[in-house]
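# Residue-level structure breakdown
Here are the chains, one letter per residue:
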Amino acid sequence: RATGIMKSLFAIALFTFASFCFLNLVADGFQRTRFMEDSETLKFDQNDLQKASTVTDLQPASHKRGKRIIGVLIGVAIGCAIFCGSGSDPPPPQNGNWADWRQVGECSQPCGGGERKIVRDCNNPPPSHGGGPCEGLSEDYISCNSDHCPINGGWSSWTKQGVCSEFCGHGTQTLIRTCSNPPPQYRGVPCVGAERDQELCKIATCKGCFHPPVPDGAIYYSGPVEVTNTTEEPFPGNTSTTAVFEHEDVLSFGCHEGYRPETPPPEGSAFHTLMCNKGTWQGVSPVCNDVNECAEGLSTCDPFRSNCSNSKGSFNCFCKPGYEADENGECKAIVIHGGWGNWFPSGICTVTCGGGEQRYERRCDNPIPQNGGLPCSGDDFKYEPCNTNCCPVHGVWSDWIDGACSTTCGIGVHTRFRSCSGPFCGGRECTGETEVIVNCDLGSCSGCLVPVEVNGVLYNKGDKSEFQHGDELTYTCSRGYKSPMEDPMTFPSITCEAGVWQGDTPTCDDVDECAEGHVDCNPETSICQNTLGGFVCHCKTGYERKPGEHQCTDINECEDPSINHCQHECQNLFASFQCYCRAGYELQDDGISCVHPSTACSDLPIPGNGSVDCNPVPSGQRCTLTCDDGYIFSGSYDPSPQTCTDGVWRYEEEGQEIPDCVDIFGGAFLSMDVFAGDVGDCDTSTDFMVTDSVPDGDVSAECISDGRRRRRRRRALGRLRLKVTFSVRLPEG
């Protein structure tokens, strides 16, 4: 702290001295001036006036002394503010620290490893307040361009490859070399020049040529043939093993009709030329390809009635399905008679259970009659039984039955139980408990009364109705129950103690006779249902149990008029019945009606643009005729249902005919104009946009102003009206 005070005093003295010198320099011009009294006259020497640079230099000496005092005070104040204002010690010494290395200059070598100079500065931070300089080197060298230098490739010596190119005469021999002396490495330049070359070679004298093979469709001519339509005779094929052609002999080859050379011949000619050269034919390979007339559209087959099949050098025409060839080989349409398609349901069953009917239809589309073929004969609808399963019957509880009290005196318990009748055919089970145990009070007693026998328990009581204290009582299980013990023949006992039976409560488990097969229910006529201590046999649909009988017997539906609707005879079957007709009659599709062939109803004519819907009735048939949408019966035909009785239709009895259905508008037209009222300006109104159409008629709209027609795009004067004109066809008559 003493050192700090001394430094502060030194600084004050230094600033005081500096201020003094500065003010002294400013006042240097007044060295020869003097301060005069107010009555004296201030005089200046001529030299003084010349030395003074400004008027300020001519100030009196009293002013000069005042400025020196002010300078001293300013120096003292600045020194104190800097060095002694806070009274703290000066900052500690700061040693210098190196900055990061940086590279200088280029690498000494372009490849193979060189050096590059790196330098750093002692300015991070620099030394201050007496701190030491940075330690270590300010420059160094690092490795660079360590990649291998490129090695350019060099050729090896030439070597021969293969044999001479010719079997006779002069030929060429292939020479090869490789860029391996040395091979290019490390991005070196590859060898410049060819890897392969040739040199001349000579073998024995050339021999002649054998006759070339004749492929499919090919034809040969001796010598060159220039024109397409040649009159030259074809050269016969020859398989001789002797050389029949000399060196440089020429053959021309072309292709028969229906074939095309694999390589197109020269322009203006249909033939290629082969030359015998040293025992080998040279030229285009004599290959003739079959022309696919079908794919290229060159056949004469009718594309609408026949299919084209290509063959070698030609083609064949085969009639398409639905066509057959006539005596001239032309494909004509085959007359196809209509055939029924499969039956399909056209509605839902009339009931969900218990047996109902469902309508089925079929269409004459397998196949559809074509080219004048006959339509299908027979009905296009029928009714089949459906949902013959029995209807669900939900389970119903019986009334509660109170069992006997567990004791003959004192407080005991007794069981209330009930049974569930059903369910049947998938009905809901009864909900709730089948048994409940409640208390019973029969008054006090000294001994033990025989417990109430419940849940199949049978006590071995003999003739006793009451047991004394200490007596034991055993029990067994009644029919339909079994002991819950591992040994079904083991039954624990209970002991009478102070009027109360002690020991495990006697219990017996119910036997499921239905599951274990201990029943006499006939599985063909009844369904077994297990109950507590027994079972119940429920009759199946079509069977019933008569009073006093155990087994289920078949119901005779023929004796029940609510079920039997047979027109003639009824035969009872197991769980069902069947209708039969008397001799000479035929049973109809409804399964109940009988019709004699001589009085059978003929097929009702189907009106054009209409349909017929028929249903069998006991006396015959009943049909409804309807017209398609947009059509009505022509004339004054009565559209009520047609009935057939004893083979005669109503329209036949009335001397009528089944008319066709005609277009509602029948061909007549009516035209009228309608004024739609004031619509305002033609240019801005949107009220006359036509949104509805008239079937088979014309509709138009225009804007009218002051009785004059105006175009849509022209503005009309005054208020406007819309005129709508439409034309429709009216029914005949």
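The paragraphs below set out a description of the structure included in this document. (Residues numbered from 1 in each chain as written. Predicted model: local features only at pLDDT ≥ 70, side-chain atom pairs only at ≥ 80, totals over all residues. Heavy atoms only, no water.)

### Some thoughts on the state of the cysteines
How we decide: For this text, the term disulfide refers to a pair of cysteine sulfurs within 2.5 Å. In this description a helix means any DSSP run of H or I spanning at least four residues, a strand means any run of E spanning at least two, and both kinds are numbered starting from the N terminus. Remark: exposure states derive from per-residue accessible area (1.4 Å probe, protein chains only) relative to the maximum for the residue type, with buried under 20%, exposed over 50%, and partly exposed in between.
A full pass over the atoms with the stated rule returns 26 disulfides. At a sulfur-sulfur separation of 2.0 Å, the disulfide partner of Cys255 is Cys288. An S-S torsion of about -90 degrees defines the bridge between Cys255 and Cys288 as left-handed. Taken together, the positions of Cys255 in strand β8 (residues 250-255) and Cys288 in strand β12 (residues 288-290) put the pair 33 residues apart, joining distant regions of the chain. Overall, the relative accessible area of 9% leaves Cys288 in the buried class.

### Topic: the sheet that holds strand β6 (residues 196-202)
The test is simple: Here the rule is simple: two strands pair whenever DSSP picks up at least two bridges between them. Only the stretch in contact is used when fitting a helix axis, every axis being a line fitted to C-alpha atoms; angles between N-to-C directions are given from 0 to 180 degrees.
Read across the sheet, 3 strands follow the order β4-β5-β6 without closing on themselves; strand pairing throughout is antiparallel. The open sheet has two free edges, formed respectively by β4 (159-161) and β6, since each of these has just one partner strand. Taken over all neighbouring pairs, the strand axes of this sheet differ in orientation by 45 degrees on average, direction set aside. With 3 bridges connecting them, β4 and strand β5 (residues 170-176) associate as antiparallel partners. Bridge pairing links Gln161 to Thr174 in β5.

### Focus: the layout of surface pockets
What counts here: Definitions used throughout: a 1 Å grid over protein atoms alone; a cavity as a set of points that fits a 1.4 Å probe which cannot get out; a pocket as an open set with protein on both sides within 12 Å along at least five of seven lines; a lining residue as one with an atom within 4 Å of a point. Grid points are joined across faces, edges and corners, and a volume is the space filled by probe spheres set on the points. Nonpolar residues are Ala, Val, Leu, Ile, Met, Phe, Trp, Tyr, Cys and Pro. Charged residues are Asp, Glu, Lys and Arg, and all others, Gly as well, are polar.
In this structure, the largest pocket encloses a volume near 1,400 Å³. Around the largest pocket sit 41 residues that line it, and Glu357, Pro385, Asp590, Gly591 and Ile592 are the ones nearest its centre. The set of elements that each furnish at least two residues to the lining of the largest pocket consists of β18 (356-361), β19 (381-386), β39 (576-580), β40 (586-587), β42 (610-617) and β43 (620-627). It is β19 that provides the largest number of residues to the lining of the largest pocket, a total of 5 residues. Considering only residue class, the lining of the largest pocket consists of 15 nonpolar, 17 polar and 9 charged.

What is shown is where atoms sit, not what they do.
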